[in-house]
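Observations on chain architecture
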Amino acid sequence: MKIPAFTLPAPLARLGTRLPQLPPTLALVAGLNLALDRVLPRDTLEPLIGKRLLLRVTDAGMALRFTLTPRGFRPLFDSSAPDLTISATTRDYLALALREEDPDTLFFSRRLLMEGETDLGLLVKNTLDAVDWDSLTTRLATLKLPFAGQLFARGH
């Protein structure tokens, strides 16, 4: 089943910009840290160390600022200019996570925007493309976590 096309209502985005961004940022970095060395190879991501990253969820009014340190991903607490900004709607991020859309398709249809250091954007895209999702699905299924295996198995 494909995710239907949708955009969150504009009042929600206005509200989202007023809400604290730290809780969703903490959830994002926690997930990235769980994936680090298991799914995301630390050595491949080394060029991201010390870089300021911004993940914008445009229709939710969210701006998640974080960085990679030698010890893992960490939230950023200021609004200094990011080295790389990745922007998309809630629907398009979900489609990426569920493997219903690939980054190239979203990028060339201007639904996934990358601004800043181009080489960092390519690194992120290529790292996501290189993830062995089938292996990850198998490993998650062996953990017997509720719904974990289903999340990544949807693309098949």
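The following paragraphs examine the structure supplied in this document. (Residues numbered from 1 in each chain as written. Predicted model: local features only at pLDDT ≥ 70, side-chain atom pairs only at ≥ 80, totals over all residues. Heavy atoms only, no water.)

Topic: the overall build of the protein chain
Our working definition: Helical segments are the DSSP runs of H or I of at least four residues, strand segments are the runs of E of at least two, and each set is numbered from the N terminus. For the exposure calls, accessible area comes from a 1.4 Å probe over protein chains only, and a residue counts as buried if that area is under 20% of its type's maximum, exposed if over 50%, partly exposed in between. By definition in these notes, contact holds between two residues if any of their heavy atoms fall within 4.5 Å. Here the Shrake-Rupley method, with its probe set to 1.4 Å, supplies the accessible areas, and only the displayed protein chains count as covering residues.
Scanning the protein chain from terminus to terminus reveals eight helices and five strands. Reading the secondary structure of the protein chain in the N-to-C direction produces α-α-α-β-β-β-β-α-α-β-α-α-α. Taken across its 156 residues, the protein chain has 38% of its residues classed as buried. Put simply, of all contacts in the protein chain between residues at least 6 apart along the chain, 67% involve residues at least 24 apart. Carbon and sulfur atoms make up 64% of the accessible area of the protein chain, which totals about 9400 Å².

Considerations on the packing of aromatic side chains
What counts is decided by this rule: Geometry of aromatic contacts follows a simple scheme: Phe, Tyr and Trp rings, the Trp one being its six-membered ring, pair when their centres are within 6.5 Å, and the pair is stacked under 30 degrees between planes, edge-to-face over 60, tilted otherwise.
The tally for this structure, following the rule as stated, stands at two aromatic pairs. Centre to centre, the rings of Phe66 and Phe73 are 6.1 Å apart; their planes meet at 55 degrees, and the pair counts as tilted. A single burial state applies to Phe66 and to Phe73, both of which are buried. On the numbers, 5.3 Å between centres and 80 degrees between planes, the contact of Phe107 with Phe108 is edge-to-face. For Phe107, a relative accessible area of 36% corresponds to the partly exposed category. Residue classification places Phe108 among the exposed positions, given a relative accessible area of 65%.

Remarks on the nonpolar core
To be explicit about the condition: Definition of nonpolar core: a set of buried residues of the types Ala, Val, Leu, Ile, Met, Phe, Trp, Tyr and Cys, connected through side-chain atoms within 4.5 Å.
Ranked by size, the top nonpolar core spans 24 residues in total, and within it Leu45, Leu48, Phe66, Phe73 and Ile86 carry the most contacts. Once residues lying within four places of it in the same chain are set aside, the contact partners of Phe66 are Leu28, Val29, Leu32, Lys51, Arg52, Leu53, Leu55, Phe73, Arg74, Pro75 and Leu76.

Examining the pattern of salt bridges
Going by this rule: Counted as salt bridges are all cases of a side-chain nitrogen of Lys or Arg within 4 Å of a carboxyl oxygen of Asp or Glu.
Scanning the model with the defined rule gives eight salt bridges in all. Salt-bridge contacts for Asp37 lead to Arg42; the nearest nitrogen and oxygen are separated by 2.7 Å. Residue classification places Arg42 among the partly exposed positions, given a relative accessible area of 30%. Salt bridges linked by common partners bring Arg91, Asp92, Glu101 and Arg111 together as one network.

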